[in-house]
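Commentary on secondary and tertiary structure
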Amino acid sequence: MSIPVRITINGTLRQFDLDPRMLLVHLLRDACTLTGTHVGCETGICGACTVLLDGSAVKSCTMFAVQADGAEVTTIEGLAKNGDLHPVQQGFWERHGLQCGYCTPGMIMTSVQLLSRNAKPSREEIAHGLAGNLCRCTGYSHIIDAVQYAAGMGGAR
Amino acid sequence: MSAQAKKYSGQPLKRIEDPRLIKGIGTYTDDLRLPGLLHVAFVRSPHAHARVTSIDTSVAKAIKGVVAVLTGADVNEKCGVVPCAAAIPDLKLPKHTVLAGDRVYFVGHPVVVVVADDAYAARDGVDAVEVEYDPLPVVVNPEEAIKPGATLTHPDLGTNVAFTHNVNGGTDIDEAFRRADRVIKQRVYHQRLTPMPIEPRAVVASYHAGEGTMSIWSSTQVPHYLRTLLPGMIGVAENKLRIVAPEVGGGFGAKLNVYAEEALCGHLAMRLGAPVKWAESRRENATSTIHGRDQIGYYEVAVKNDGTILGLKARTIADLGSYCQLLTPAVPTLTGLVLTGCYRIPAVKMEIVGVYTHKMATDAYRGAGRPEATYLIERLMDLVAKELGLDRVDLRLKHFPAPTEFPFGTACGVTYDSGNYQGALEKARQLADWKALMSERTAARKSGRLFGVGVSTYVEICAIGPSAAMPAGGWEWGCVRVEISGKVTAITGTSPHGQGQETSFAQIVADQLGVSIEDVVVMHGDTAVAHYGRDTYGSRATVIGGTALVMCTDKIIAKAKIFAAHLLKVAPDQVAFADGQFSAPGAEKTLSLAAIAGEAYVAKNLPPGLEPGLEASSFFEIPNFTFPFGTHIVAVEIDRETGQVAIQKYVAVDDCGPQINPLLVEGQVQGGIAHSIGQALFEQTVYDENGQLLTGEFMDYAMPRATDIPEYILGHTVTPSPTNPLGIKGVGEAGTIGATPAVANAVIDALESLGVTHLDMPLTPERVWRAIHQRTVATV
Amino acid sequence: MYPAPFEYLRPATIDEAIALLVTHGEDAKILAGGHSLIPAMKLRLAQPRYIVDIGRIRGMSHIRETAGRIVVGAMATHDAIERSALLREKCPLLPETAGHIGDVQVRNKGTIGGSLAHADPAGDWPAAVLALDADIELAGPRGRRTVKADGFFVDLLTTATAPDEVLVEIRVPITSAKVAYEKTEQKASGFAIAGVAVVVEQGGVRVGVTGVAAKAYRAKAVERALAGQSAPTAEGIARAAALAAERVEALGDIHASPEYRLHLAEVNTARALRRAYGN
Ligand SMILES: Cc1cc2nc3c(=O)[nH]c(=O)nc-3n(C[C@H](O)[C@H](O)[C@H](O)COP(=O)(O)OP(=O)(O)OC[C@H]3O[C@@H](n4cnc5c(N)ncnc54)[C@H](O)[C@@H]3O)c2cc1C
Ligand code: FES
Ligand code: FES
């Protein structure tokens, strides 16, 4: 049985008929070919799949796509506006906040919410805010630098 | 090497590869979409050791969307055996087929493969396959495994001992122990770890029946190894096989391998006439991608009362798991190469016993063998200092070779290229404000706090390696082409997956050729483009791969000089090259590299006897390993009530020779230290006595999070290596090698007042609490 | 990573939800925030045939003060609770506890009702609702009923909620700021190895403990030891805390042995008490 669903993805309203068991992350990656949202685990720990759902950071692997019916979803691909990088993206670039880049989209999306709630976070606050995102490459220090850089640029935008 | 001014090398440039990654438009293997793509999933053994008594695939085959369900009997004949390339004499190897035959040997052993139209149906198919198992006795403890009468991992091998490797070096070991005033002994367990790159493995295979060509995309560190080894497995000739490592989401050694799934996907693409994809789940990654470390060692140090170390004896039992993957048995032998660390230790004897157990294979996890060695020697230095009442830093200094003594031959049989261990130690002490730190330690202890300072002075082996020491070549290949437009394409046989060589190699090449870095593109990871290579592992890429590119640019400049001489109408030896311009005394103009490239391809005015084009390729064979080194100093405080360790200060001074891009070096060091903090304080792969893996998810395998990371104080010294024209040494593993013992030593130092002299890692709160609790109870 | 198939039902009211639960019985599962249920479904440890998504039912995520009590709807997210100004002022234990749950993404989706109904032995909310002596309101085909937190947790993953009942809201008293939650995390998952919530009231204290045993419990021996004291001494607190795990059968796993859990129950009880009493 498929379910009709309407979701605004990166500003565009899309309609789907969905098998209810399809996870939001698979809808984004497979039906929408927005493959910037990654999968790193089954248990909701790694955060590589983080997207914004009505402005809140959520793990798109721990949500059925049908639950997003009527919502607005922003993925990493929807963050840059008119070709301009989002300040958080810029921060990750400037401060070498990524190595393999696999955790990066999720890290960036969580950081965007973090700065939208706290424009001038301390290093501890950033670390705490990113506790739901694992990175195995960077050792996090440059990621925290990146978020601070973004905060300095006016952060959330 | 040309005498170019270095405009880019040494600069902390931001990375060229980043824009696509921060926009989410990089392509990892699982992001590939091919028309008609089928999805692969595996039925894996829930038992560590069992006989497979029956497999019923009928229900699975009937599921909507399921295309094929195949067992070992269907595919093993067609897929060869999973290779082990380690050159260990008398190695006993079990036959490692891609799917299990009539027995399974570890939890996660693939038994049946299901192929379906989409990943959901493939998973439904997996659930519907019925496999009956007859469980057999299990052996998980390697020390038990080598006792007479032990359960055998592979009964047909007749033993659990895969190999015994002996290191006997330097002066006479028995004499050293006879002369000793004391012998200090310690058993050390180096726990099993799971590499856990955040991107699990993934494979896509596509076969062109008309051409007989196969393309395989794999989340691998070693596309060239795959191209060398898969032909023998799946029967596609090397020159019809293209391997692509697209964006790879971290490796840490876990993807330095040839896996059953890679061969099987290739086979399935041929067999089913459709492209196939397998994306590993995290649980599969934990059960069926290689683990690291897992060595038990018994150590004895012969010392004089003044601290002089006369000799070191070791017996190491290395838990290999149930199969040898690509380098499984070679990893513990690397431990034997740097067992003496930074120190002058005249006599060494080491016996390494590789043992099979019913677990996933161990193999090269970041550091591979060297973290084990470094941890051991650094723990032993502290133990010796403690036992003899000596200062641990003085003890280390006493055994350092002087900077003038390099190249320094060790009793382990290797020659350290260059070093200034005193310099790095001194700098680290400055950065740590050593005197103040030691006063803080004294004051803290006076007030009853458990405060400790740990020091580790390490040396490691990088630039792996000279071909003589490698199973199949340790050189690296590169190619540089100045295009007709003057743009420069650099192709490397290394396979970066986060290390940033699209940037650092562009820095090197741009400097060599005097062009703008914007004009340089670095390509890698596709065997159709990078024809030869030995890939990325063992902190080798920048040193060996970077040098191969330097050799190419040297050839290009030499050829361009002939062109320039011809065009400027002077003798070739009169042409000078600087800042991208060719000039000659008395010539009225200078020529840019781009101008010469234009002439070289238009080819209407070639110097006599010279080929058109401006391209060169090179293989660099490094004469020796490189040996980066450094000092890490850590201060910790322990919560007496809970055993929780808090890192108060972290200082690292690393010497990897000249740094091409300090920002990237810093990133490598910080990332490596994070792995070390994880290993020292909480990471551990746990199997229970039945061989069940208890750390099969991120829910149970603890890794560092952002909140676990201290603020680093980082510094460096620069001691060039004589092994390569750039003088560089490599830095990919330094953090994982130097940091672990520093953290462990700090924790044990904090427990000194309780009489604790050693604890095995991970130093979890419970383990530390138990140590505190028992000592407290015992001393009350 | 790929859940088994199911039929998706989206009731608009609580009554509709109850009717669906009655119809489908044990085959149906309520879906709230999904942060316990969906991971279990992805690993196929749970394979419900019907999913009753209560996420669209209006009026289940309120946080308000009614008749001198604090009322929190079952669908209030951990995040909404953590950031509620009302709660920070009038029931600060709830936001403090919420802040310890998982990570920000988990808090954005997970709900207090789902967490209580799930009754994970390592969940954080059980400690808080026990210490607050919460009333938990359930709605079912036989109407509504209120269960005291103390009687709500029955066993591992088992509560007083019947399969055809919906947990609708939680009611707790307005408290002073004399509250505290002290938690030791399981390093990998962030769940509680030992979490202790304390509420100090006129003439007494209530202590809820989670993570230590198969179900969360009230540490009544601690409460009795401190009864009637408004400013216990440090020694008195230590003596009382030593009773935190009296007659408790502790859980053990690779993350913490029973012995260590019992020890942490005592340590965290002492710490929470000291902070709550301002000692
Ligand atoms: C990565 C991660 C980390 C986490 N860390 C923590 C942590 O540190 N501490 C902690 O406490 N929790 C933690 N959780 C669990 C989280 O808090 C969950 O949100 C919570 O346990 C369940 O709430 P839910 O709304 O998500 O419920 P769901 O997952 O939707 O449901 C859980 C169960 O309760 C039932 N149910 C849900 N709502 C109702 C209702 N109103 N009436 C009757 N039955 C209902 C469902 O049928 C299901 O059986 C973590 C989860 C994840 C994924
Ligand atoms: S994929 Fe790991 S949290 Fe979603
Ligand atoms: S950059 Fe590789 S996991 Fe974060």
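Read on for an overview of the structure.

So, how was this worked out
Residues numbered from 1 in each chain as written. Chains lettered and ligands numbered in written order. Predicted model: local features only at pLDDT ≥ 70, side-chain atom pairs only at ≥ 80, totals over all residues. Heavy atoms only, no water. Helix = DSSP H or I, 4+ residues; strand = E, 2+ residues; numbered from the N terminus. Polar contact = N/O pair within 3.5 Å; in protein donor to acceptor, adjacent residues only side chain to side chain. Contact = heavy atoms within 4.5 Å. Salt bridge = Lys/Arg side-chain N within 4 Å of Asp/Glu carboxyl O. Buried < 20%, exposed > 50% of the residue type's maximum accessible area, 1.4 Å probe, protein only. Near = heavy atom within 4 Å. Areas by Shrake-Rupley, 256 points an atom, 1.4 Å probe, with all protein chains shown as cover. Nonpolar A, V, L, I, M, F, W, Y, C, P; charged D, E, K, R; others polar.

What to know about the side chain of His-38 of chain A
Here His-38 of chain A is to be found in the loop between helix 1 (24-31) and strand 3 (50-53). Polar side-chain contacts of His-38 of chain A include one of 3.4 Å to the backbone oxygen of Gly-36 of chain A. Those residues in contact with His-38 of chain A that lie beyond four places of it in its chain are Val-25, Arg-29, Ala-48, Cys-49, Gly-101, Tyr-102 and Pro-105 of chain A together with Tyr-28 and Asp-31 of chain B.

Section: the pattern of salt bridges
Tallied over the entire structure, the rule returns 82 salt bridges over all chains. For Asp-124 of chain B, the salt bridge is made with Arg-44 of chain C, and the minimal N-O distance between the two is 2.6 Å. Taken together, the residues Asp-124 of chain B in helix 4 (residues 119-128) and Arg-44 of chain C in the loop between helix 2 (37-42) and strand 3 (50-53) connect one chain to another. Comparing Asp-124 of chain B with Arg-44 of chain C, the two get one shared label, buried. Across the pair Arg-481 of chain B and Glu-615 of chain B runs a salt bridge whose closest N-O atoms are separated by 3.4 Å. Of this pair, Arg-481 of chain B sits in strand 19 (residues 476-482) while Glu-615 of chain B sits in strand 25 (residues 615-620), and the two are 134 residues apart along the sequence. Residues participating in the shared-partner salt-bridge network are Asp-19 and Arg-21 of chain A, Arg-123, Asp-124 and Asp-127 of chain B together with Arg-44 of chain C.

What to know about the site of ligand 1
Near ligand 1 you find 34 residues, and of these Ile-30, Gly-34, His-35, Thr-111 and Asp-124 of chain C are the closest. The environment of ligand 1 is shared, with nearby residues belonging to chains A and C. A distance of 2.8 Å separates an oxygen atom of ligand 1 from a polar backbone atom of Gly-33 of chain C. Within the contact set of ligand 1, a nitrogen atom lies 2.8 Å away from a backbone nitrogen or oxygen of Leu-167 of chain C. Computed on the free molecule, ligand 1 has an accessible area of 960 Å², of which 96% lies beneath the protein chains in the complex. Among the elements of the structure, strand 2 (28-31), helix 7 (112-118) and strand 10 (166-173) of chain C are those that each provide at least two residues to the shell around ligand 1. With four residues, the single largest contributor to the shell around ligand 1 is helix 7 of chain C. In terms of residue class, the shell around ligand 1 is built from 13 nonpolar, 17 polar and four charged.

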